[in-house]
Every structure is written in C-alpha cells, then in structure tokens.
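The primary structure of each chain is shown beneath.
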Amino acid sequence: MTKKTLPFQAEVAQLLHLVTHALYSNKEIFMRELVSNASDACDKLRFEAISNSGLYEDAPNLEVRVSFDKDAKTLTITDNGIGLTQQEAIENLGTIAKSGTKDFVSKLSGDQKADSQLIGQFGVGFYSGFIVADRITVESRRAGVPANEGVRWTSDGGASGGDAFEVENITREQRGTSVILHLRDDALEYASTWKLKSIISKYSDHISLPILMEKEEWKDGELINPNDEAGGRQPGGMVNTGEWEAVNKASAIWARAKKDISQEQYDDFYKQISHDFEAPLAHTHNRVEGSTEYTQLLYVPGKAPQDLWNRDKKGGLKLYVKRVFIMDDAEALLPSYLRFVKGVVDSADLPLNVSRELLQESRDVKAIREGCTKRVLGMLEDLAKHNALPETSADGVTDVVSDEDKALVGKYTQFYAEFGAVLKEGLGEDFANRDRLAKLLRFASSTTDSTTVSLADYKARMKEGQEAIYYITADNAAAAKNSPQLEVFKKKGIEVLLMTDRVDEWALNYLHDFDGTPMQSVAKGAVDLGKLLDEDEKKAAEEAAETFKPLLAKLKEALKDKAEDVRVTTRLVDSPACLVVQDDGMSTQLARMLKQAGQ
Ligand code: ADP
Ligand code: MG
C-alpha cells in the first residue's frame, strides 16, 4: 500500500504549534509521556491477554527499551505492548479524543507560564515528543495481526506548514511500537545514557515493567602510534556493550513501604499521574486489611483543573487489581464531590475483568469508596487543623511547631479557594459525612475581613441570647454585604455569614443545623431576633405592628398577585422595605438561578 497524507484534527494542529513554545522550560516531560504510553500499551496487552493469551505471541515478557544514536540524532522508545493498527494510528495520533479539547485550546493565552500550567493539566501526551523532535516516526504492529500489517506514521508536527502526517503499510516482525524522535539541534543533550537514566528514574521508577537501556562501558582510544605507548591515544569514550539492563526500579510506588518513599518520590508520582507541574497539597497512603483488602495512595492537588465543573468529568482515581492496571477515572471509587482527588487504588479482591458497570454494584467497591472518602476527609481535616500557626497563649507560651507542621500553614486556605465549592456538594450527596463536611466549610462574614470563617469560629463568637447561625446568599460579597436584610444585624453587631458560591443555596438546604445550632437565612421568613432585641425595641415593634395594621391590609390587597404576605419587620434600620421569602420557600437567589437556567 502506498503512503497516505492525512491532516491533523484542527485542535491538534493548534496544540502542536503551542507545545514547543509553552513547554520549552519543561522539555524533559516528553520522556514521562512516551514511557507512560509504552507502559499503557503493555497494560492493555496484559489486559486483553487475560481472555486471549495468544496475543503474547512468543514474547511474554513485557518491557520498554530506550536507545539513541548520536550520529543519526535519534532517540527511540520501543515497547512490546498492544501496538497500533493503521486505523488506530490515524485515529489516535491525529486527533485528541478527549472531550473539552476545543475549549482547552481556546483558553491558551500565549502567556508561556499560564499556558504551560494549562497544558500540563491537560496532558499533551504523545504530542510532547515535538518539544524535542522536529520529526517523529512511529512504527508499530498490533498484537495478534500478521507481520505485514504493520504501520509507519510520520510527521514533522506541522513545522513545514502542512499540519499533516503520513501513514504507510510496513512489515514488522516485532509486536508493539517504536517511537523514533529525530532530535532538534537544541535537544541533543537527550542522546546521553546518563541524562536519560536520570529522567527515567525521576518519572518512571514506579512503572511496573522494566525500562531497559544498553549498558555502556569506557573504552580507551586507539594509540596514535601503534608502536609507541607514550605517544598518546585518541580520545576514549563510552561504548555499548550490547547488554541491556533495567534502569528503573520497576516497583509500583504504592506497593512499597511508606518509610522507603521520600516526599520527592511521592510528589513525582503525583506529577506523573496528574500531569500537574506543581506538588500536591497532601497525600495519604495506606494498606487496608480486613474483609476488603486494598492499597490507596490519594492526593489533594493544589490547583483545580479547568474542567472541574464539567458534569461528565469522572473521578481521578486509577484502579489496579493486584498491580494490573484496570482503568483510569474509576468514578465509583469516590463520591462525585471528591472528584478533584487524584491517585491509585489497588484492590486485592476484585476480578481482573471487572467492568465499570460491575464496579457500581460491587460490595468491595462500596467499602473502598467509604474508606477512600474517610481518608480524604481526614487529609482535609489535617490541613485545616494546621492552616494557621497556634496563637501565643495568655501566659506567653507558644506550642513548639515542627517544620512539618509549618509547611502546612496556609494550605487549607489554598485548597478551599480552589475546591471549597465542590466540597459543598457533599452536603447534599453524602449524608453519612455531613457533620465532618460542615466542619470543613469556610465563609466570608459581615463582621470580619476573613474569608475563612468556620461554623465553629462563628459559634464561638455568637452573642448572648443568639439562637441561630445567620447567613445570607448573594451573587457576590459586595451584594451580600450591602443587602438591606443585614441592617439590623449590623446595628446589633451580629455576625452574618456571606455565601456567594453558586452551590451555597442548594447545599445549605441540606444543612439544617451545625452542632445543635440551627442555620437561619436572614432572607427567609420572619427572622425572630427574639432574645436579641431589648425591651424598648420589642415594644416599638409591637406598637408598629398595631399602628400599621390598616396600611398592611391595603398593601396586601394591592400586592396580592405579587407578594404572599406583607408584614412589619425588625430587620430593617435604614431601608423602608425589603423582599423576603417564606421559610419553606425558594430563596430569591435560588429563584434567580433557576430563572437563569430557563426553568
Ligand atoms: P493518552 O495516553 O492520554 O491517551 P496520548 O497523547 O499520550 O494520550 O496518546 C494518544 C493515544 O495514542 C493513546 O491513547 C494510544 O491509543 C496511542 N498510543 C500512544 N503511544 C502508544 C504506544 N506506545 N502503543 C500503543 N498505542 C499508543
Ligand atoms: Mg499518554
């Protein structure tokens, strides 16, 4: 069959033009991406071979080989995994299958730093090869298909202006894929055993299959004059011995003992699975034994991905069964309000051929999900606890704070700014943990500049006689602060929590009280300030109610289609009137939201 030239999907073309520039300072990630693709390909083979062992052909040992040729300026990554058919090469290496791509590309600003952060989260995957290569050739043959059905895919990544790639049919005995990078002149440093080894161990130690490189040894140069030892030699150099050796540890990080794993290794693994350049805020790593056995390694990221609010977005956990990779985004392993968590669950009990549907019904999965939820909440509680340094107590004694704890200061604030709104969904979603969640909530308030007031802080500051936790929902902090409904609270110096997240209205429906104190919207019903009013104020209110009775009756009549009730209120100080809703009614904020949504 002859060569075919095919265009890249428009988004790929756009992405390719940006990749080389935006990722310039993070060049080496191409290795992480290509090795992880090789490892994925081996995982896929292992998985398909569960039901068709013939796919192993005569090479059952899965491995990745990395080699380079200094003279040809090439770097090659070869795996003996599942391989690609021609059609798969066209589909998988010419498009981006993931949803939200267009959206993502449109968000790129041209600002290198911001873009590289975005691209990192998005994961450029295979295309990252073009950071260091001006041409990439992929040669592959799918497991189980004849040798003459191999494919060669090649492209300059659009550098020639064509935004196209070529595919042709080849014969390839070896199953699997070789990715051949034709290195750019400014990337020749990667044609070095030392350099490659250090990158591989940084990113790929946990990859559970061996990554092999050819062993090198020093060879002295030839004598300049064969008859004269003292006459000197040509410069010596490293030469290949023809022997291959594994250069990664090849052990899954989560299967190792905690004490053998450094913070840096934990962070690197997170970066590998999340495509994030920044370290995570926290991690938790446990082996759970008992009726359901599994290992969990979970991370709280420092930044929200741009598709956090995408309803189709699945959870971020990878599922393994006894170290065999089963699936990405196993959404059944965590409730949806914890979808920002990244990590791995490795189960000892689930069958290898478990499907997404089966996961939903499995009792083991239910136990894992509850276990993971507890651990994540525990992590967040820990961050919250160490968010601020302990205050100096009255007798001038300050607790000694360890460096570890100091490193946690401010992290919960960072977490909450990124993910607080998602966490609130849990109030409606996870009744069993509602009390723990309520303790993790933080709000702005009418009497402080802080935006991280917890319900417990609020309760501790409540006025004598105050019987409820007051809050108001609004579109933004300014609107909330200036609401007429706050007037009497301001006058009396009573704190009101200001809630400005879109989900607050909905979420607060599920939180009727905190620690025995009812939650009360100041925009709902006849707020009963009862014990908070002094005698004079009460008397004035009663008198007013009496005096205005005839007026109220008239107003009620006039507004009968527009308002359910008209009453005298103690909640206003300066404003003449305000709108409120019945206790059981939809709040104005929620009503507005539904209207926006066209309901
Ligand atoms: P991702 O790995 O997130 O799917 P990539 O851009 O890294 O995205 O890879 C795109 C696709 O190309 C993969 O999903 C896979 O189908 C295919 N692919 C890439 N590298 C290999 C490989 N070494 N062997 C088989 N398929 C591969
Ligand atoms: Mg990939």
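Once a new chain begins, its residue numbering starts again from 1 and follows that chain's sequence as written. Lettering of chains starts at A and numbering of ligands starts at 1, both following the order in which they are written. Predicted model: local features are reported for residues with pLDDT of at least 70 only, side-chain atom pairs are reported and counted for 80 or more only, and whole-chain, interface and lining totals are derived from all residues.

## Looking at the overall build of the chain
Consideration 1: Note on conventions: DSSP H or I runs of at least 4 residues are helices, E runs of at least 2 residues are strands, and numbering of each starts at the N terminus. Tallying secondary structure elements over the chain gives 19 helices and 19 strands in all.
Consideration 2: Partly exposed residues are those whose C-beta has more than 12 but fewer than 20 other C-beta atoms within 10 Å; with 20 or more the residue is buried, with 12 or fewer it is exposed, and the C-beta atoms are placed from the backbone. Taken over 599 residues, the chain has a buried fraction of 33%.
Consideration 3: Contact between residues is assigned whenever the C-beta positions, reconstructed from backbone atoms, fall within 7 Å. Long-range contacts, defined as pairs at least 24 residues apart, comprise 72% of the intrachain contacts of the chain with a sequence gap of at least 6.

## Observations regarding the confidence of the model for the chain
Consideration 1: Confidence of the predictor at the level of single residues is captured by pLDDT, which takes values from 0 to 100. With 83% of its residues at a pLDDT of 70 or more, the chain shows a mean pLDDT of 85.
Consideration 2: Across the predicted assembly, pTM comes out at 0.69 and ipTM at 0.99.

## Describing the site of ligand 1
Consideration 1: The local shell around ligand 1 holds 15 residues, among which Asn-37, Ala-41, Asn-92, Gly-125 and Phe-126 are the closest.
Consideration 2: For the shell around ligand 1, the leading source of residues is helix α2 (residues 29–49), giving 5 residues.
Consideration 3: Its residues assigned to classes, the shell around ligand 1 shows 6 nonpolar, 6 polar and 3 charged. A residue counts as near a molecule or strand when its C-beta atom, positioned from the backbone, falls within 6 Å of it. Residues are sorted three ways: Asp, Glu, Lys and Arg are charged, Ala, Val, Leu, Ile, Met, Phe, Trp, Tyr, Cys and Pro are nonpolar, and all the rest, Gly among them, are polar.

## Describing the sheet that holds strand β17 (residues 497–499)
Consideration 1: Strand pairing requires that DSSP identify at least two bridges connecting the strands. The 5 strands are arranged β15-β17-β16-β19-β18 in an open sheet whose pairing can be described as mixed. Edge positions in the sheet fall to β15 (444–445) and β18 (513–514), since each has one partner strand and no second.
Consideration 2: Strand direction decides the pairing type here: β18 and strand β19 (residues 517–521), joined by 2 bridges, are antiparallel. Pairing of Asp-513 across the sheet is with Pro-518, part of β19.

## Remarks on the pairing of strand β9 (residues 237–246)
Consideration 1: With 0 of its 10 residues buried, β9 lies for the most part at the surface.
Consideration 2: Relative to β9, strand β8 (residues 211–219) runs antiparallel, the two sharing 7 bridges. Its bridge partner being in β9, Met-213 is matched across the sheet by Glu-245.

## Section: the sheet that holds strand β6 (residues 164–170)
Consideration 1: Taken in spatial order, the 9 strands line up as β1-β6-β5-β4-β7-β3-β2-β8-β9 in an open sheet, and their pairing is mixed. Each edge of the open sheet carries a strand with a single partner, namely β1 (4–7) and β9. Averaged over all pairs of adjacent strands, the angle between their axes in this sheet comes to 25°, without regard to strand direction.
Consideration 2: Two elements, strand β3 (residues 74–79) and strand β7 (residues 176–183), share 6 bridges in a ladder whose sense is antiparallel. Here the axes come from fitting lines to C-alpha atoms, over the contacting stretch only for helices, and the angles between their N-to-C directions go from 0 to 180 degrees.

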